[in-house]
Structures are given as C-alpha cells and as structure tokens.
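# Architecture and fold: a report
Here are the chains, one letter per residue:
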Amino acid sequence: MPRPVTLTLRSRPALTAAAVLALAVLGACSTQSPVQTDAPYLPADGVPAALGAVQARNLVVVAQSKGATGVLSGFIVNTGDDTLSVTFLTRADSEAGKLDGPTVELGPRQQDRIRGVQFAEVPVAPGALTEIVLKSSAGQTYVTVPVLLPDGYYATITATPMSTATPTTSTTVGPAVETTGTAATAAPTTSP
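Residues numbered from 1 in each chain as written. Predicted model: local features only at pLDDT ≥ 70, side-chain atom pairs only at ≥ 80, totals over all residues. Heavy atoms only, no water.

### A few points about the overall build of the protein chain
Regarding its fold elements, the protein chain presents two helices and eleven strands. Buried positions account for 31% of the 192 residues belonging to the protein chain. Looking at the protein chain as shown, the accessible area adds up to about 11800 Å², and 59% of this sits on carbon and sulfur atoms. (Helix = DSSP H or I, 4+ residues; strand = E, 2+ residues; numbered from the N terminus. Buried < 20%, exposed > 50% of the residue type's maximum accessible area, 1.4 Å probe, protein only. Areas by Shrake-Rupley, 256 points an atom, 1.4 Å probe, with all protein chains shown as cover.)

This is how it looks when you write it as structure tokens:
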C-alpha cells in the first residue's frame with residue numbers, strides 16, 4: 001500500500017519562501033506599469049475643445065480628399081448664462097486676419113449639433129490632422145482635429161455646393177443636408 005505524501009516541516013519554509021518571492025515579482029509588475037484608469041481616453045472619433053463658456057465635443061472635419069470642401073461635425077455647448085456666438089475658421093484664414101466665417105449662436109445653457117459649417121479647402125488628406133480656430137467673445141483657440149472620409153456613420157455628412165464668390169470659409173449656417181440614396185433631406189433641428 002503506497003504511503004500518502006505529506007509535507008514535512010523542512011519543506012514548508014521552502015514553499016513559503018517561493019510563494020513570497022512569486023508575490024514580490026508579480027507585485028513589481030504593477031509598480032512599473034501605469035494605472036490605466038489614470039490615462040486620458042477619448043471615446044469618440046473627434047476631439048474636444050473649450051473656450052470660455054463654450055465646450056465643443058467630438059470635432060472632426062469630413063472631406064472626400066485633400067483640397068476638397070470639408071464639413072465640420074460635432075457638438076457645441078454653451079455652459080454660460082448669456083447668448084454666445086462661435087465663429088469657425090481654418091488656421092490659414094485666421095492667420096490671414098480674416099474675422100468672419102460660419103457662425104453658430106447658442107442661447108444660455110444650450111447644446112446643439114454643429115450644422116452648416118464648411119471649409120472650402122481642406123489642406124490635408126483624410127486620415128491626417130488639421131487645425132481649425134474657434135472664436136467667441138472669450139477669445140480664440142486653435143484645435144487640432146482629425147480629417148475623416150464620408151464613410152460609415154459620416155457617410156451622410158456631405159458638403160453643399162459653394163458658390164465661386166464664397167470666400168475660403170462658408171458663411172452659411174443652418175441645417176446640414178444629409179443625403180441617403182438619391183433623396184436629400186434636411187437634418188431635424190432640435191434644442192433641449
């Protein structure tokens with residue numbers, strides 16, 4: 001009859017030392033790695049921006065190619081108690097001293113989808129980054145935004161024809177035209 005294996009007093013300290021060593025080695029891994037919840041994470045395609053009481057979220061420019069007309073997509077929020085106007089420009093327009101561009105007006109504590117903001121010529125190809133400028137009574141801020149193809153859920157965000165007399169940045173503000181198939185419909189306007 002075989003004897004059952006039992007631990008002797010001599011083997012217990014060796015097992016305890018091995019367990020302590022294993023815990024120390026595994027514990028050292030966590031001291032050398034950053035805590036993932038401390039790393040900033042943007043759960044969207046676009047980027048945020050802040051300018052005084054203006055908060056912009058998920059900003060992207062949708063364009064078919066480099067040099068094509070681009071449409072700004074995202075949300076804008078007025079966290080203040082006064083009506084605000086926000087003007088959008090390309091970096092080139094801002095550096096050239098241009099003051100006018102597509103403008104969005106927001107009432108106190110209002111949020112809305114950005115509609116009708118177009119840039120006549122996107123300086124980079126989809127997949128790259130470009131800079132736009134947000135201007136309000138609080139000043140201006142440069143925002144580096146991604147340029148994306150009109151694909152997937154951006155497929156309905158298309159540029160409307162711009163006249164030849166229109167400057168680099170369109171001054172048209174209103175509902176963006178969304179196309180599905182061959183029919184064109186205006187996006188519904190909502191306000192909270």
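### What about the environment of S137?
One can find S137 in the loop between β8 (129-136) and β9 (139-148). A relative accessible area of 73% places S137 in the exposed class. Between the alpha carbons of S137 and S85 there is a distance of 7.6 Å; along the sequence they are 52 residues apart.

### Some remarks on the packing of aromatic side chains
Inspection of the entire model under this criterion finds one aromatic pair. Between the aromatic rings of Y153 and Y154, the centroid separation amounts to 4.9 Å while the plane-to-plane angle is 50°, which identifies the pairing as tilted. Overall, Y154 belongs to the buried group, its relative accessible area being 7%. (Phe/Tyr/Trp six-rings, centres within 6.5 Å; stacked < 30°, edge-to-face > 60°.)

### With respect to unusual backbone geometry
Even without a glycine there, the phi angle at N58 is positive, about 55°. With respect to the element layout, N58 can be found in strand β2 (residues 54-62). A positive phi angle is found at R109, which is not glycine, with a value near 55°. Judged by its relative accessible area of 55%, R109 is exposed.

### Let's talk about the pairing of β2
For β2, the tally of buried residues reaches seven of nine residues, placing the bulk of the element in the interior. Bridge analysis of strand β1 (residues 47-51) against β2 gives four bridges, and the strand direction is antiparallel. Paired with V47 across the strands is L59, a residue of β2. Hairpin connection between β1 and β2: a loop of two residues separates the two successive antiparallel strands, and G52 in this loop has a positive phi of roughly 60°. (Pairing = 2+ DSSP bridges.)

### Regarding the nonpolar core
If you look at the biggest cluster of nonpolar residues, it comprises 24 residues, and the most contacted ones within it are L59, L72, F88 and L134. Elements represented by at least two residues in this core include exactly β1, β2, β3 (70-78), β4 (84-90), β5 (103-106), β8 and β9. Among the elements that take part in this core, β2 stands out by supplying four residues, more than any other. In this structure, V60, V62, Y154 and I157 belong to the second largest nonpolar core, which totals five residues. (Core = buried A, V, L, I, M, F, W, Y, C linked by side-chain atoms within 4.5 Å.)

### As for the confidence of the model for the protein chain
Overall, the predicted model of the protein chain reaches an average pLDDT of 79, with 78% of residues at or above 70. For residues 164-192, every residue scores under 50 in pLDDT, and the model assigns this stretch 62 contacts once sequence neighbours within four places are set aside. (pLDDT = per-residue confidence, 0-100. Contact = heavy atoms within 4.5 Å.)

### Thoughts on the pattern of salt bridges
Any two side chains of opposite charge can pair, on the condition that their charged atoms come close. Using the criterion set out here, one finds four salt bridges in the structure. Salt-bridge contacts for D81 lead to R109; the nearest nitrogen and oxygen are separated by 3.3 Å. Within this pair, whereas D81 is found in the loop between β3 and β4, its partner R109 is found in the loop between β5 and β6 (111-113), the two being separated by 28 residues in sequence. The residues D81 and R109 share a single accessibility class, namely exposed. Between R115 and D112 there is a salt bridge, and its shortest N-O distance comes to 3.1 Å. Take D112: its relative accessible area is 17%, and that puts it in the buried class. (Salt bridge = Lys/Arg side-chain N within 4 Å of Asp/Glu carboxyl O.)

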